[in-house]
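Spelled out, the chains give:
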Amino acid sequence: MSSADDPRYGGIDPDVSLLRPYLLTSGRTQPVDQTLEVEAQVLTSQLGAAAHDSLAFERRDIVELCRVTMSVAEVAAILGLHIGVARILVADLAELGYVIVRRPATQLNQDIDMIERVIRGLEAIS
Amino acid sequence: MKIVIAGGFGVGKTTTVSAISEILPLTTEALITSAGALIDPIAEVPAKTTTTVALDFGCITIDEEVKLYLFGTPGQDRFGFMWHDLIQGALGALVIVDTRRLDDSFPAVDYFEKTGVPFVIGINVFDGKLAHDLADVRWALAISDEVPLVTFDARFRLSVRDALLAVLRNTIDKNRIKTATR
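Residues numbered from 1 in each chain as written. Chains lettered and ligands numbered in written order. Predicted model: local features only at pLDDT ≥ 70, side-chain atom pairs only at ≥ 80, totals over all residues.

Enquirer: Just to check I follow, could you spell out the sheet that holds strand β2 (residues 70-71) of chain A for this structure?
Expert: In any sheet, the strands associate via hydrogen bonds between backbone groups, in a parallel or an antiparallel arrangement. All names here are of chain A. Across the sheet, which stays open at both edges, the three strands sit in the order β2-β1-β3 with antiparallel pairing between neighbours. With partners counted over all chains shown, the strands left at the sheet margins are β2 and β3 (99-102), one partner each. Direction of pairing for strand β1 (residues 41-44) relative to β2: antiparallel, over a ladder of two bridges. Among the inter-strand pairings, V42 is bridged to a residue of β2, identified as M70. Along the sheet, helix α5 (residues 83-95) contacts β1 and β3; its crossing angle with β3, the most-contacted strand, is approximately 115 degrees. (Pairing = 2+ DSSP bridges. Helix = DSSP H or I, 4+ residues; strand = E, 2+ residues; numbered from the N terminus. Contact = placed C-beta atoms within 7 Å. Axes fitted to C-alpha atoms, helices over the stretch in contact; angles between N-to-C directions.)

Here it is in structure tokens:
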């Protein structure tokens, strides 16, 4: 439970976390890997699962959550983290080998075959 | 795979994402509290103590291997997260416009014109009514003829789907033009 959900903090806008974002990221505002995409897929590694108990707070939550593959954006939304904070934490965990990050291919917007595949997928929606 | 949904506040970005996403649209946000607001030159409303920059997103499964993510955001915030990060690798952008408040659309239109990410202007037609003629909208937004302009209704899945298809087809067209002029 984050402080924002805690009834003891009644009277304060429940959407506002009392923690400042930089506290979660050791003061950093940029991820170690500045290019980490918000749609990159994150999956907890065996190493990460083993380290679960030694991790604290948000890092532990991420390792727990990403037993099922999900995007950085989903991690942020589900854990109620600012998207920038989630990027930093995921990049940190990837650096430690606790999560495996699958990045989208580059230059996708020039990959006509792939775009046509997405078009066919969308056309199938009814 | 991602498409960026841009536009000013209240133009229907969240509605657009909700209409077509398989997952409930999730929102992640930044709240900048009073300290930031005090030095904010645009914070003319004295009671304003927080600023929210929300990133809505949704997901559509294309096939077993491909997922299309939709990201909707009004702009940039002060914690390092900007459109710039979001548009990297995007297949294209849908810039949503509400013709009753064209002014709100200028920053997004301006931004995408400069970045070179192929984009389509999607006029969200509330209640099926267009406040202005399409040619007038094009003129008012000062967009060139190469930028497609489509009308859609953010509340309906198929209408949103068609707007997204327009975005993808425009990206293909722009790629072909680039290749042809090489």
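Once you've had a look at it, read on.
Enquirer: When you look at the confidence of the model for chain A in this model, what are you seeing that I'm missing?
Expert: Parts of the model with low pLDDT should not have their predicted coordinates read in detail. Residues and elements named next belong to chain A. Per-chain confidence: chain A averages 81 in pLDDT, with 73% of residues scoring 70 or above. Across chain A, β1 holds the top mean pLDDT of 95, while helix α1 (residues 21-24) sits lowest at 66. Counted against residues more than four places away or in other chains, residues 1-5, with its pLDDT under 50, gives 12 contacts. (pLDDT = per-residue confidence, 0-100.)

Enquirer: Would you mind going over the nonpolar core with me for this structure?
Expert: Burial of nonpolar side chains together is a common tendency in soluble globular proteins. Of all hydrophobic cores here, the largest spans 73 residues; its most connected members are A:V72, A:V90, B:I3, B:A93, B:L94 and B:V95. It is α5(A) that contributes the most residues to this core, nine residues altogether. Dropping the residues within four chain positions of it, B:A93 is found in contact with B:I3, B:V4, B:A6, B:I87, B:F112, B:V117, B:F119 and B:V167. (Core = buried A, V, L, I, M, F, W, Y, C linked by C-beta atoms within 7 Å. Buried ≥ 20, exposed ≤ 12 C-beta atoms within 10 Å, placed from the backbone.)

Enquirer: Looking at this model, I keep getting lost on the pairing of strand β6 (residues 119-124) of chain B. Mind explaining?
Expert: Each regular strand carries side chains that alternate between the two faces of the sheet. All names here are of chain B. Among the six residues that make up β6, six are buried, leaving the element largely enclosed by the rest of the structure. Residue alternation in β6 divides its side chains into two sets, F119, I121 and I123 and V120, G122 and N124, and both sets are buried. Handedness of the crossover joining strand β5 (residues 92-97) and β6 through helix α4 (residues 106-115): right-handed. Direction of pairing for β6 relative to strand β7 (residues 149-152): parallel, over a ladder of four bridges. Looking at the pairing, G122 lines up with V150 of β7. (Right-handed = clockwise from strand over helix to strand, strands pointing away.)

Enquirer: Before we go on, may I ask you to explain the packing of helix α4 (residues 72-79) of chain A against α5(A) in this structure?
Expert: The relative placement of two packed helices comes down to the angle between their axes together with the axis-to-axis distance. All names here are of chain A. Viewed as axis vectors pointing N to C, α4 and α5 meet at an angle of 120 degrees, and their least axial separation amounts to 9 Å. Helix-helix and strand crossings are classified by hand; for α4 and α5 the assignment is right-handed. Residues V72, A73, V75 and A76 of α4 form the contact with α5, whose participating residues are I83, A86, R87 and V90. Considered class by class, the residues forming the contact of α4 with α5 number seven nonpolar, no polar and one charged. (Left-handed = near helix turned anticlockwise from the far one by under 90°. Nonpolar A, V, L, I, M, F, W, Y, C, P; charged D, E, K, R; others polar.)

Enquirer: When you look at α4(B) in this model, what are you seeing that I'm missing?
Expert: All names here are of chain B. All buried positions along α4 are accounted for by A108, V109, Y111 and F112. Each buried residue of α4 lies within a common arc of 165 degrees when the element is viewed along its axis, so the set occupies one face. In this fold, the buried residues of α4 make contact with β1 (2-6), α3 (83-87), β5, β6 and α5 (134-141). Immediately beyond the C-terminal end of α4, within one or two residues, lies G116, with a positive phi of roughly 85 degrees. (Arc of directions from axis to C-beta.)

Enquirer: What am I meant to see in the environment of A:H52 here?
Expert: Residue position: A:H52 is located in the loop between α2 (46-51) and α3 (57-65). Along the backbone, A:H52 and A:E64 are 12 residues apart, and their C-alpha atoms lie at a distance of 7.3 Å.

Enquirer: Before we go on, may I ask you to explain unusual backbone geometry in this structure?
Expert: If a residue is not glycine, its phi is most likely negative; likewise, a peptide bond is most likely trans. Of note, the phi angle at A:F57 is positive, near 45 degrees, even though the residue is not glycine. Tracing the sequence through the fold places A:F57 in helix α3. For B:A142, which is not a glycine, the phi torsion comes out positive at approximately 55 degrees. Since 10 C-beta atoms lie within 10 Å of it, B:A142 is described here as exposed.

Enquirer: How should I be thinking about the pairing of β1(B) in this particular structure?
Expert: Residue and element names in this part refer to chain B. Extensive coverage of β1 is indicated by the burial of five of its five residues. The alternating pattern of β1 places K2, V4 and A6 and I3 and I5 on opposite faces, both of which are buried. Here five bridges tie β1 to strand β4 (residues 67-73), and the two strands are oriented parallel to one another. Its bridge partner being in β4, I5 is matched across the sheet by G72. Note: β1 against β5, four bridges, orientation parallel. Bridging from a neighbouring strand, I3 pairs with G92 of β5.

Enquirer: When you look at the packing of helix α6 (residues 112-123) of chain A against helix α6 (residues 157-180) of chain B in this model, what are you seeing that I'm missing?
Expert: Contact geometry for α6(A) and α6(B): axes closest at 10 Å, N-to-C directions at 165 degrees. The orientation of α6(A) relative to α6(B) falls into the category roughly antiparallel. The two elements α6(A) and α6(B) cross, and the hand of that crossing is left-handed. Contacts from A:I112, A:I115, A:V118, A:I119 and A:L122 of α6(A) reach α6(B) at B:R161, B:L164, B:L165, B:L168, B:T171, B:I172 and B:N175. Among the residues making up the contact of α6(A) with α6(B), the classes are represented as nine nonpolar, two polar and one charged. (Parallel < 35°, antiparallel > 145°, perpendicular 65-115°, else oblique.)

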